[in-house]
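Structural overview for review
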Amino acid sequence: DTVHVYARALDAREVFSEWRSSVRVAFERSNEWHTSFVMPDENVVVTASLDTLPAYEIKEELIIGAERPKRVYHVLPPTLRGVVFLYHGTGGSARGWLPGSVENFTFVKDLIAADLGVIITESEETTAQKDINGDGFIRWDVAPPLPDASIDYLNLRAILDTLIKRGSISASVPLFGVGMSNGGAFAIPCAQALGMKAAVSYCAAGRVSNASIINTASLWMMAANDDNENVGQAGNLDAIELARRLQERGVKSGAVIRKPHPIYPEIFTRAGSSESVSRAIVSNLRDGGHLDERGYMRRTSDAIAAAVMADPTSYPAILSQSEISRNAIVNTLGAAHAEHKFFSDLGKQTISWLLDVLDGTSNVDTEEIGDPVECTDVYDLQGRHLRRIAQSEAQHIEPIVSAYGMGPFLLVKRHASGSVRTTGVLGR
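Residues numbered from 1 in each chain as written. Predicted model: local features only at pLDDT ≥ 70, side-chain atom pairs only at ≥ 80, totals over all residues. Heavy atoms only, no water.

This part covers the overall build of the protein. Helices and strands together make up the secondary structure of the protein, namely 11 helices and 16 strands. Taking 2.2 N^0.38 as the reference for a compact globule, 428 residues should give roughly 22 Å; the C-alpha atoms of the protein span a radius of gyration of 23 Å, in line with that estimate. Across its three principal axes, the protein shows a C-alpha extent of roughly 70 × 45 × 45 Å. Within the protein, contacts between residues at least 6 apart in sequence are counted, and of these 63% link residues at least 24 apart. Accessible surface for the protein amounts to roughly 19200 Å². Of this, 49% is attributable to carbon and sulfur atoms. (Helix = DSSP H or I, 4+ residues; strand = E, 2+ residues; numbered from the N terminus. Rg over C-alpha atoms; globule rule 2.2 N^0.38 Å. Contact = heavy atoms within 4.5 Å. Areas by Shrake-Rupley, 256 points an atom, 1.4 Å probe, with all protein chains shown as cover.)

What follows is the structure, encoded as structure tokens:
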């Protein structure tokens, strides 16, 4: 049988290290706070080994962006292997990565433990509290992978320049981006636009048609039961296909589909509840028929929340909690069920992938001497391929492309070696 094991809730300086066992077993992931193994035909004692982070400070300040001051949080120790930008989802803010958001902050601590600095800010629309581009949402401006294509790219560049001029980081420090949902969709083009080493997209697949213009090492961390209308099962399949196509082109990439895990009695201690309250909440959920005999959720976290509100007397342990705690309980359920929520129990896997990129070769080298351009492909901003233009016709590219309207269009140069480079936006 497969059994799951979980570390207790950790404090602000504790990070998970590894699982140890009295009998040799094959842990699925021995360095994650939640893992599983196949039970042998004998008793097993497993022990969670924890580490304590050196004292650190999450600094908060306002840094001038492209057009207005931006709220920035950062942890930048003197010795850095790299720096990771973290991006919130639609309607979120930079504070979503701070203590109080358990899954997100667990990942932040793991980054610090790996000697990776962290910079957190928020989208321009979040700062302005205004839907600037009129798409109906407050979120990051996901634009073509060019430095000036998005106000958010310009803001990040301004923040970087400020920290470099202060001496907080060096100009040569490797940069990475990790985002959730809309922040995940933003992370990959932003990384390419700003010359970052790699990007990781949680719960945002992107368009398969963009596989031909992505040159940055990219990892998709997806959730098996993602219920977001823009992701779902189709988005998970797109992530797998995107990664496959990038691998074919020699761009380091991958896609992981995280599965749900059982609800264990102490799970809500991660949401701030005491052990006794957590066990009572789980008991309420079992009595309500929301968990199967192995502890897996039978329905979504939103459906459970609706059931609690419709029949509050059947869930006294949940209703005894504050509104903030109830929201944390719902988020914990969503993460356990592998819904459209950030999850930290594959955080070490994500970090290992980033460090592998840092230590190895990730991106296609598009600047090799003696690697001539063979042709230029033209795409619209939805990733649809419009025209392939031979290099012999390159000097006439504008009149050729004008047949497709005013644009803007992405221009992608293809080299003899097979490498590609997004070189500009025509018509912007």
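Once the structure has been displayed, the description carries forward.
For Gln 129, which is not glycine, the phi torsion reads 50° and is therefore positive. Residue placement: Gln 129 occurs in the loop between α2 (124–128) and α3 (151–166). For Gln 129, a relative accessible area of 60% puts it in the exposed group. Residue Cys 203 is not a glycine yet carries a positive backbone phi of 60°. On the secondary structure map, Cys 203 appears in the loop between β10 (198–202) and β11 (217–223). Overall, Cys 203 belongs to the buried group, its relative accessible area being 1%. (Buried < 20%, exposed > 50% of the residue type's maximum accessible area, 1.4 Å probe, protein only.)

Tallied over the full model, the rule gives 13 aromatic pairs. Between the aromatic rings of Phe 27 and Phe 37, the centroid separation amounts to 5.5 Å while the plane-to-plane angle is 80°, which identifies the pairing as edge-to-face. One end of the pair, Phe 27, is in the loop between β2 (14–21) and β3 (34–38); the other, Phe 37, is in strand β3, with 10 residues separating them in the sequence. Each member of the pair Phe 27 and Phe 37 is classed as buried. Note on Trp 140 and Phe 186: the rings are 4.6 Å apart at their centroids and 25° apart in plane angle, and the pair reads as stacked. Linking Trp 140 in the loop between α2 and α3 with Phe 186 in helix α4 (residues 182–194), this pair joins segments that are 46 residues apart in sequence. (Phe/Tyr/Trp six-rings, centres within 6.5 Å; stacked < 30°, edge-to-face > 60°.)

The next thing to look at is the nonpolar core. Counting residues in hydrophobic clusters, the biggest one holds 44 residues, and the most contacted among them are Phe 85, Tyr 87, Ile 119, Tyr 153, Cys 190, Met 196 and Trp 220. Mapped by element, the contributors of at least two residues to this core are β7 (82–87), α3, α4, β11, α5 (232–248) and β15 (409–415). The element best represented in this core is α4, accounting for seven residues. Counting 40 residues, the second largest nonpolar core, distinct from the first, contains Phe 105, Ala 198, Cys 203 and Trp 353. (Core = buried A, V, L, I, M, F, W, Y, C linked by side-chain atoms within 4.5 Å.)

On inspection of all chains with the given rule, the structure shows 18 salt bridges. Ionic pairing is found between Glu 14 and Arg 8, a salt bridge with its closest N-O pair at 2.8 Å. On the basis of relative accessibility, which here comes to 13%, the residue Glu 14 falls in the buried class. Among the salt bridges present, the one from Glu 241 reaches Arg 245, with a minimum N-O distance of 2.8 Å. One end of the pair is Glu 241 and the other is Arg 245, both in helix α5 and four residues apart, which spans about a single turn. In this structure Glu 241 comes out as partly exposed when scored by relative accessible area, which is 22%. Here the salt bridges do not stand alone but share partners, grouping Glu 241, Arg 244, Arg 245 and Glu 248 into one network. (Salt bridge = Lys/Arg side-chain N within 4 Å of Asp/Glu carboxyl O.)

Here we take up the pairing of β7. Counting buried residues in β7 gives six out of six residues, a clear majority hidden from the surface. Burial along β7 is two-sided: Gly 82, Val 84 and Leu 86 facing one way and Val 83, Phe 85 and Tyr 87 facing the other are all buried. As paired elements, β7 and strand β8 (residues 116–120) share five bridges and run parallel to each other. Note that in β8 the partner of Leu 86 across the bridge is Ile 120. On the question of chirality, the crossover connecting β7 to the parallel β8 by way of helix α1 (residues 102–113) is right-handed. Inspection of the sheet shows β7 paired to strand β9 (residues 175–180) by five bridges, in the parallel sense. Each residue of the ladder has a partner; that of Phe 85, found in β9, is Gly 177. (Pairing = 2+ DSSP bridges. Right-handed = clockwise from strand over helix to strand, strands pointing away.)

Further remarks concern helix α9 (residues 323–336). Between its first and last C-alpha, α9 extends 20 Å over 14 residues, near the 20 Å set by a 1.5 Å rise per residue. Taken together, the buried positions of α9 are Ser 325, Ala 328, Ile 329, Thr 332, Leu 333, Gly 334, Ala 335 and Ala 336. Elements in contact with the buried residues of α9: α1, β12 (253–258), α6 (275–287) and α7 (301–310). In the segment just after α9, Ala 338 is the residue with positive phi, at about 60°. (Expected span 1.5 Å × (residues − 1).)

Counted at 1.5 Å a residue, the expected span for α4 with its 13 residues is 18 Å, and the 18 Å between its end C-alpha atoms agrees. At Ile 188, α4 shows its largest kink, close to 25°, and the proline Pro 189 lies no more than four residues downstream. Counting buried residues in α4 gives 12 out of 13 residues, a clear majority hidden from the surface. Taken residue by residue, α4 has Asn 182, Gly 183, Gly 184, Phe 186, Ala 187, Ile 188, Pro 189, Cys 190, Ala 191, Gln 192, Ala 193 and Leu 194 as its buried positions. Just past α4, the residue Gly 195 takes up positive phi, approximately 70°. (Bend = angle between axes of the 7 residues up to and from the residue.)

Keep in mind these values describe shape, not function.
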